[in-house]
Amino acid sequence: MKAQRQITIKQYKPSEGFISRYQKLIKDVVIPYQYDVLCDKAEGAEKSHVVQNFINAAAALHGEDHAAIQKYLSSREQKPGDAITDSGFYGMVFQDSDAAKWIEAVGYTLAVFPDKKLEETADSLIDIIAAAQDEDGYLNTYFTIKDRDKRWTNLLEGHELYCSGHFMEAAVAYYNATGKDKLLKVMLKNAEHIYRHFVTEKYEGYPGHPEVELALLKLYRATGEKHCLELAEHFINVRGVPVEGADGNFYKKEAEQRDWTVWGNNADDRYYQQSFAPVREQSDAVGHSVRAVYLYTAMADLAAETDDAELLNACKRLWESIADRRMYITGGIGSTGIGEAFTVDYDLPNDTAYAETCASCGLMFFASRMLENYPDGKYADVMERAFYNTVLAGMQLDGKRFFYVNPLEVIPGISGIAATHWHDKSQRPEWFACACCPPNVARTVAAFGTYAYGEGDGTAYCHLYAAGEVDFSFGLKLLCETDFPHGFTVRYTVSEGGGVLAVRIPDWSERTEISVNGEKISPEIKSGYAYIGVEAGDVIELILDDRARFVYSNTKAAENTGCAAVQRGALVYCFEGADNGGDVLSLSLDDGAEITAGETVPELGGVETLKVKGYRTVSEDGLYSFKKPERIPEALMAVPYYTWGNRGENQMRVWLPC
Ligand code: FUB
Ligand code: ZN
């Protein structure tokens, strides 16, 4: 039983504020730009071929004259026939998922900002996707175009289930927003096809990249279709269970039965895709970080759906492994580029960090499902940390460029250049050949309301602070006014109904004032939430701790020894060359001094900066010297980490010596 559930997308209407500005940016800039990318019409972006792959798959199945293809081509103002010339598959094996995540983001966006033209564009893309579905329900352009006989024979690398999962999520989002069920029907047929193959016909195997499990659970809730729940349960239950032969390793057995590969993944590495043990026995977060958190999200969701205490216990251990020992202060996870993976406890290098944007989106998903099992503020604290720092840093402030990797230290000349630092770019690229992150940011920002609010048993949960109106299904209507994360007052007005308001008191807020109708109260705080009985007309005000403070890390995190970072509220700050004389490597902090408000920077949208007393160390010219360097006092300026890298190439550091 879920203790509380995320609200659905239509229950939250943003009002003017930080979140609505980001959601408008997604609608006005990111979604149109990403659609152009999908159609290979975005100037300067790498070729994506995503839509073309669907056209080609539909043509491979039904011939080029198929009505959906012709209709789509004319809607794109291309000459019918033109686009078919490029008839192969191009891109990553999971290229289809870019279209899925785009539709999902469009669904969430349309729920909040209806737009007929955008809906028509999405409808026409859905038509072409539907046309690319095989008669038996199979849907994947890579295998449909290249070789139908190879379907389901390379679960390790093939991403067929991953792409299906993303389309299931898209279908549910689009249906919830528009009431249109074309994609939902396509994906139910697809789910049934997968069910037949893996459950009815008992083909061995489970997803190389978890994703379909969490999506099947969404599809189950949207449609009530029991096979979706059973299939999710099946994939979760069989993962890591020894098979007959090949040392019990399913992926090795699978690899032994085929003579081809997509990119040579090591089938022997059972950690990479979290198959080293049955999931209920797992405790350390290991392997590819996005795969890991997508899997844990599904496990936590299923645990709540089916009251599976053993599964939930595994989730709790995995959560602690991440949040207590393997997560950056920015909510980034997966500290190495080798396998885009978790490594070991406290191994959190700043300059070679991987911290993929998708992984922090996934961490938010995991946190939201843990909250559904038990509303403990520690889950929401991490969800907030991941969102306001790594997820938002994943996108340039103008919505036009994106980070895949989110380091906590960047040194142009080394970052992005040295073999050890190739992945840590000092500027956001426009697009990537592997474009998983940009649409993940879009769908996560667009659905922010569903992470911010939850409901259960006559209680309205406010996990994150998001200005807007929330319509809880038990009759309570709430208006939230706040400038968070830059403002620290959150005002809730109960406009209709009553019940209990559960407001999160964040871990960073040491001094919090709560008042009801102007009178200060001291409600019971249970697991990070203040539970307050409310009725229509009540005004509840939360004044959060607005102090900027130094943060220190456990000395086991070797790189941060002797260093401090700066945090104010949910925002982690960083020091950029642009504000600090070009060079931040020579800076150190006076952590005994007060942190004060700095000047606003127009290029960063006028965000609040911080001023900190510190020093600049002036070294000799040679590489080494016996002369002790001079330390000169200097006023240092810090900007929110999510805004870094928006003023050209420059040095950046989150942690400074103190
Ligand atoms: O494999 C699909 C996606 O591509 C992963 O989630 C990302 O880490 C990237 O490798
Ligand atoms: Zn990604």
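What you see is a predicted model, and the numbers here were worked out from it, not measured in a lab. (Residues numbered from 1 in each chain as written. Chains lettered and ligands numbered in written order. Predicted model: local features only at pLDDT ≥ 70, side-chain atom pairs only at ≥ 80, totals over all residues. Heavy atoms only, no water.)

**Student:** Please explain the overall build of the chain as it appears in this structure.
**Tutor:** Within the chain, the secondary structure is distributed over 17 helices and 23 strands. In terms of overall dimensions, the chain has a C-alpha envelope of 70 × 70 × 55 Å along the principal axes. For the chain, the share of sequence-separated contacts (at least 6 apart) that also reach a separation of at least 24 residues comes to 71%. Split by element, the accessible area of the chain, about 24,300 Å² in all, is 49% carbon and sulfur. Within the chain, one finds 65 positive and 97 negative side-chain charges whose respective centroids are separated by 1 Å. (Helix = DSSP H or I, 4+ residues; strand = E, 2+ residues; numbered from the N terminus. Contact = heavy atoms within 4.5 Å. Areas by Shrake-Rupley, 256 points an atom, 1.4 Å probe, with all protein chains shown as cover. Lys, Arg positive; Asp, Glu negative; His and termini not counted. Charge placed at Lys NZ, Arg CZ, Asp CG, Glu CD.)

**Student:** What exactly am I supposed to notice about the packing of helix α5 (residues 116-131) against helix α8 (residues 182-200) here?
**Tutor:** Each pair of packed helices can be described by the angle between their axes along with the distance between the axes. Packing of α5 against α8 brings their axes to within 10 Å, and their N-to-C directions diverge by 25 degrees. Taken together, the axes of α5 and α8 are roughly parallel relative to one another. Crossing handedness for the pair α5 and α8: left-handed. Taking contact as the criterion, the partners of Ile126, Asp127, Ile129 and Ala130 in α5 are, on α8, Lys182, Leu183 and Val186. (Axes fitted to C-alpha atoms, helices over the stretch in contact; angles between N-to-C directions. Parallel < 35°, antiparallel > 145°, perpendicular 65-115°, else oblique. Left-handed = near helix turned anticlockwise from the far one by under 90°.)

**Student:** Can you help me understand helix α9 (residues 212-223) in this one?
**Tutor:** Every α-helix winds through 3.6 residues per turn, so residues three or four apart in the chain are directed the same way. Helix length check: α9 (12 residues) gives 16 Å between terminal C-alpha atoms against 16 Å at 1.5 Å per residue, within 8%. Taken across its 12 residues, α9 has nine buried, putting it largely inside the fold. If you check which residues of α9 are buried, you get Val212, Glu213, Leu214, Ala215, Leu216, Leu217, Lys218, Leu219 and Tyr220. Looking at the buried residues of α9, the elements they touch are α4 (96-112), α7 (160-178), α8, α10 (226-238), α12 (289-306) and α14 (357-373). (Expected span 1.5 Å × (residues − 1). Buried < 20%, exposed > 50% of the residue type's maximum accessible area, 1.4 Å probe, protein only.)

**Student:** Just to check I follow, could you spell out the site of ligand 1 for this structure?
**Tutor:** Taken together, Phe94, His159, Tyr162, His209, His288, Val290, Glu340, Glu356, Tyr404, Cys434 and Cys436 make up the full set of residues near ligand 1. Within the contact set of ligand 1, an oxygen atom lies 2.7 Å away from a side-chain nitrogen or oxygen of histidine 159. For ligand 1, the accessible surface in isolation is 270 Å², of which the surrounding protein chains cover 94%. A per-class count over the shell around ligand 1 returns six nonpolar, three polar and two charged. (Near = heavy atom within 4 Å. Polar contact = N/O pair within 3.5 Å; in protein donor to acceptor, adjacent residues only side chain to side chain. Nonpolar A, V, L, I, M, F, W, Y, C, P; charged D, E, K, R; others polar.)

**Student:** In this structure, what is going on with the sheet that holds strand β10 (residues 513-516)? I would like to understand it.
**Tutor:** Sheet strands line up and pair through hydrogen bonds in the backbone, either parallel or antiparallel. With antiparallel pairing, the seven strands of this open sheet are ordered in space as β2-β6-β7-β8-β14-β10-β11. Pairing within the sheet leaves two strands with one partner each, and these edge strands are β2 (12-14) and β11 (519-521). This sheet shows a mean twist of 20 degrees between the axes of neighbouring strands, independent of strand direction. Pairing of strand β6 (residues 468-471) with strand β7 (residues 477-482) involves four bridges; the strand directions are antiparallel. Residue pairing for β7: glycine 468 is matched across the bridge by cysteine 480. (Pairing = 2+ DSSP bridges.)

**Student:** Could you clarify how one ought to interpret the sheet that holds strand β12 (residues 525-526) in this entry?
**Tutor:** Taken in spatial order, the six strands line up as β1-β4-β5-β9-β13-β12 in an open sheet, and their pairing is mixed. Here the strands that pair on one side only, and so sit at the sheet edges, are β1 (5-6) and β12. Inspection of the sheet shows β12 paired to strand β13 (residues 529-534) by two bridges, in the antiparallel sense. Its bridge partner being in β13, lysine 526 is matched across the sheet by tyrosine 529.

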